[in-house]
Amino acid sequence: MTKKTLASIATALSATLVACPPAVARDTAPAADAAPAADTVLPDDVRWGPLNAARGDASPRAGNLWGDRTTPGASGFLVKFEKGFASPPHIHNVTYRGLVIEGLMHNDDPDAANMWLPPGSFWTQPAGEYHITAAKGSGNLAYIEIQDGPYLVKPTDEAFDNGERPINVDPSNLVWLDASDIAWLELPESAKTGNPPQMAFLWGNPQPGELSGTLLKLPAGFSGEIRGNGSPLRAVVIQGAVSHSLSNSGVAQTLPQGSYFGSEGSSSHQITCSPDSECIIYLRTTGSIVLH
């Protein structure tokens, strides 16, 4: 069945829930007596290799940001696609979620008309469904996330229906909510007017103990703090450049788009969006986080 761009996901976002594939594996919180751990990864630090080793140089290049896509467990990784790349029809053994960071991406049934997803778009690809992936930007970069590895590419004769359905979401279909709608955004009254921070819920259930993914949009020049709740926090810069530091370190690092920062336990991340343009950050967490 051909995927269609969602005309609106407002209904799906009611009660902050999105009809996306359920989690089949969860990030686990560290032991109560474990020291909080945090790290950052810039695109220049990523160790690149073929996404599909069987295709060698014909494969897109991929590199882990967190976890390891080749082993069991959840992971998140970057994928680079050359201009004009088009895969043969294939399936995957696991469901994945994708966010376009740079370029234009198409992911659909082999017979579907091209529907190019620009930066900031979100899509899901269910396990077992045959499809193709293509790219046509001069540079194409996506963040891919799986719930349980390893991530494998398999032929279409092994296709199966696992009951999940794919979605493609153009940025124009995202529903952005601000502090008047979300308790996660604890802001002074002066920051709630004009161009305040906003969130768009992509998948999962942002309730205690439940895994979910959201986009956080920050106005240019915004400075604040993301507070974790003790569970693993994964964050990827999708758009703009962010200055990041742990609040107790004072050592700031500039993170361009495609960069990752995260923490395993309770911690506070100080973030400042570049004054040149707004910033969009993807957040994956169990339960809610607080932006203050």
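Residues numbered from 1 in each chain as written. Predicted model: local features only at pLDDT ≥ 70, side-chain atom pairs only at ≥ 80, totals over all residues. Heavy atoms only, no water.

### Thoughts on the packing of aromatic side chains
Applying the stated criterion across every chain, the model contains 5 aromatic pairs. Considering the side-chain rings of Phe77 and Tyr151, the 5.4 Å spacing of their centres and the 70 degrees angle between planes classify their relative orientation as edge-to-face. Taken as a pair, Phe77 in strand E4 (residues 75-81) and Tyr151 in the loop between strand E10 (140-146) and strand E11 (153-154) lie far apart in primary sequence, 74 residues in all. Summarising the burial analysis for this pair, Phe77 and Tyr151 share the class buried. Aromatic pair Tyr143 and Tyr282: ring centres 5.6 Å apart, planes at 50 degrees, arrangement tilted. Of this pair, Tyr143 sits in strand E10 while Tyr282 sits in strand E21 (residues 279-286), and the two are 139 residues apart along the sequence. Ring-pair connections join several aromatic residues into one group, and the members of that group are Phe77, Tyr96, Trp123 and Tyr151. Seen from the ring of Trp48, Lys80 lies directly overhead, with NZ or CZ sitting 4.4 Å from the centre. (Phe/Tyr/Trp six-rings, centres within 6.5 Å; stacked < 30°, edge-to-face > 60°. Helix = DSSP H or I, 4+ residues; strand = E, 2+ residues; numbered from the N terminus. Buried < 20%, exposed > 50% of the residue type's maximum accessible area, 1.4 Å probe, protein only. Lys NZ or Arg CZ within 6 Å of the ring centre and 35° of its normal.)

### Some thoughts on the side chain of Arg97
Structurally, Arg97 can be placed in strand E6 (residues 96-102). A distance of 3.1 Å separates polar atoms of two side chains, one belonging to Arg97 and the other to Gln147. (Polar contact = N/O pair within 3.5 Å; in protein donor to acceptor, adjacent residues only side chain to side chain.)

### Describing the pattern of salt bridges
Scanning the entire structure with this criterion turns up 6 salt bridges. A salt bridge links Glu145 to Arg97, with the shortest nitrogen-to-oxygen separation between them at 3.7 Å. You can see Glu145 sitting in strand E10 and its partner Arg97 sitting in strand E6, a full 48 residues away along the chain. Across this residue pair, the class does not change: Glu145 and Arg97 are buried. (Salt bridge = Lys/Arg side-chain N within 4 Å of Asp/Glu carboxyl O.)

### Examining the confidence of the model for the protein chain
Put simply, the protein chain has an average pLDDT of 84, and 84% of its residues get 70 or more. For the protein chain, per-element mean pLDDT is lowest for helix H1 (residues 10-13), which scores 33, and highest for E10, which scores 98. Here residues 1-26 is a poorly scored stretch, pLDDT under 50, and it has 65 contacts once near neighbours within four places are set aside; other chains count. Taken together, the stretch residues 28-36 has pLDDT below 50 and engages in 10 contacts with residues farther than four places along the chain or on a different chain. (pLDDT = per-residue confidence, 0-100. Contact = heavy atoms within 4.5 Å.)

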